[in-house]
Amino acid sequence: MVYPVGFSRAWARAWTSRERSDVRVLFVTVDPERDTLPALKVYTESFAPQVVGLRGTANDYVAKGMAGGTLSVTPPRASTIPHAAGNAVLYGATGGQAFLAGRTGQRFAVRNSGATAVVEGVSDHGCEYMTGGLVVVLGDVGRNFAAGMTGGMALVWDPKLALKAKLAETAPGIRRPVSTELDMLRSLLEEHYERTSSPIAGKLLEADDGFVDFWVVEPTGDGLDHPSEVIVELGEKAEVGD
């Protein structure tokens, strides 16, 4: 019997209707290499940590409100970076880990407050209104990145020096990572590679200078996180001083 490779919200609702009310579906694991039933993975009310994997491409809202456990998505890969999931992935997540070996759509990790994620590119409005957690982006980001971000951290691989043009006006400033952050980054990339066999992670881990092109996007809490606001403030002071 052949089962679809991917995740359907309608399918999830169908499963939910047949399960107890105290159990909710988080994700479905499908292994296209085996002629077996897909394994239904759930989080109980206690949110006991579980490891959930998908070999295929996921749809919108994957891991929305995720509170724990570990999720990996490994889509089929050709010569280009594949599409791993749709829009609003990890929307409002409060915990857990997600490893996506490909790009996602818009509003990745919006309102994330505690989840850790590795992804290989995001579309517009990534990390918008983040208040906590950690996001590693191993690829391009879309416009309005980190808009209104007040907490957490994003580590963005930017060998093309394109990140600054994609930051929102209300995004925090950016800087290069320090040694402790590089150690944390290496650990996450090792796990990303172990779970997804990502060639991008493998390349960065093997290279002697693999981490030199990363930026840290993180609020500093000193009130000077938004460059546009700082420029306006300095301009007003200059006018008064004149």
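All values derive from a computational prediction rather than experimental measurement. (Residues numbered from 1 in each chain as written. Predicted model: local features only at pLDDT ≥ 70, side-chain atom pairs only at ≥ 80, totals over all residues. Heavy atoms only, no water.)

A. View of the nonpolar core. Ranked by size, the top nonpolar core spans 38 residues in total, and within it Leu90, Leu100, Phe108 and Phe145 carry the most contacts. Secondary-structure elements contributing two or more residues to this core are strand E3 (51-55), strand E4 (67-74), strand E5 (95-100), strand E6 (113-119), strand E7 (131-137), strand E8 (151-157) and strand E10 (214-217). Residue contributions to this core peak at three residues, all from E6. The contacts of Phe145, once residues within four sequence positions are left out, are Val122, Gly126, Cys127, Ala154, Val156, Leu163, Lys166, Leu167, Ala168, Ala171 and Val217. Leu134, Leu188, Leu204 and Leu205 belong to the second-largest nonpolar core, a separate cluster that totals 17 residues. (Core = buried A, V, L, I, M, F, W, Y, C linked by side-chain atoms within 4.5 Å. Buried < 20%, exposed > 50% of the residue type's maximum accessible area, 1.4 Å probe, protein only. Helix = DSSP H or I, 4+ residues; strand = E, 2+ residues; numbered from the N terminus. Contact = heavy atoms within 4.5 Å.)

B. The pairing of E8, seen in detail. Most of E8 sits inside the fold, with six of its seven residues counted as buried. In the sheet, E7 pairs with E8 via five bridges, with the strands oriented parallel. When the bridges of E8 are listed, Val136 appears paired with Leu155. The pairing of E8 with E10 spans four bridges and is classified as antiparallel. Within the sheet, the bridge partner assigned to Leu155 lies in E10 and is Val216. (Pairing = 2+ DSSP bridges.)

C. Representation of unusual backbone geometry within the structure. With phi around 65 degrees, Ala63 is a residue other than glycine that occupies positive phi space. Locating Ala63 in the fold gives a position in the loop between E3 and E4.

D. Here's a closer look at the packing of aromatic side chains. Applying the stated rule across the entire model yields one aromatic pair. Plain terms: the ring middles of Phe211 and Phe214 are 5.8 Å apart, the flat faces sit at 85 degrees to each other, and that makes the pair edge-to-face. With a relative accessible area of 12%, Phe211 lands in the buried category. The ring of Tyr91 has Lys64 sitting right over it, with the charged end atom 5.8 Å from the ring centre. (Phe/Tyr/Trp six-rings, centres within 6.5 Å; stacked < 30°, edge-to-face > 60°. Lys NZ or Arg CZ within 6 Å of the ring centre and 35° of its normal.)

E. Fine view of the pattern of salt bridges. Evaluated as defined, the whole model comprises seven salt bridges. When the shortest N-O distance is used, the salt bridge between Arg175 and Glu181 registers 2.7 Å. The partly exposed category is assigned to Arg175, whose relative accessible area is 31%. One salt-bridge network, held together by shared partners, links Arg175, Glu181 and Glu218. (Salt bridge = Lys/Arg side-chain N within 4 Å of Asp/Glu carboxyl O.)

F. Up close: the side chain of Glu120. One can find Glu120 in the loop between E6 and E7. Here the side chain of Glu120 touches Arg77 through a polar contact of 2.7 Å, side chain to side chain. For Glu120, the side chain forms a polar contact with the side chain of Ser198, separated by 2.5 Å. Sequence-distant contacts of Glu120, defined by excluding residues within four places in its chain, comprise Arg77, Ile81, Leu100, Ala101, Gly102, Arg103, Leu138, Gly139, His192, Ser198 and Ile200. (Polar contact = N/O pair within 3.5 Å; in protein donor to acceptor, adjacent residues only side chain to side chain.)

G. Layout of the side chain of Ser198. Along the polypeptide, Ser198 turns up in the loop between helix H3 (179-196) and helix H4 (199-206). Excluding anything up to four places from it in sequence, Ser198 contacts Glu120, His192 and Tyr193.

H. Representation of the environment of Ser187 within the structure. For Ser187, the position within the fold is in helix H3. With a relative accessible area of 44%, Ser187 lands in the partly exposed category. In the structure, Ser187 is positioned 18 residues away from Leu205 in sequence and 9.8 Å away in space, judged by C-alpha atoms.

I. Spatial organisation of H3. Taking 1.5 Å per residue, 18 residues should reach 26 Å; H3 reaches 25 Å between its end C-alpha atoms and fits that length. Turning to H3, its buried residues are Glu181, Leu185, Leu188, Leu189, Glu191, His192 and Thr196. When H3 is viewed along its axis, its buried side chains cluster within an angular range of 165 degrees and face the same direction. Facing away from the buried side of H3 by over 90 degrees, the exposed positions are Ser179, Thr180, Asp183 and Glu194. (Expected span 1.5 Å × (residues − 1). Arc of directions from axis to C-beta.)

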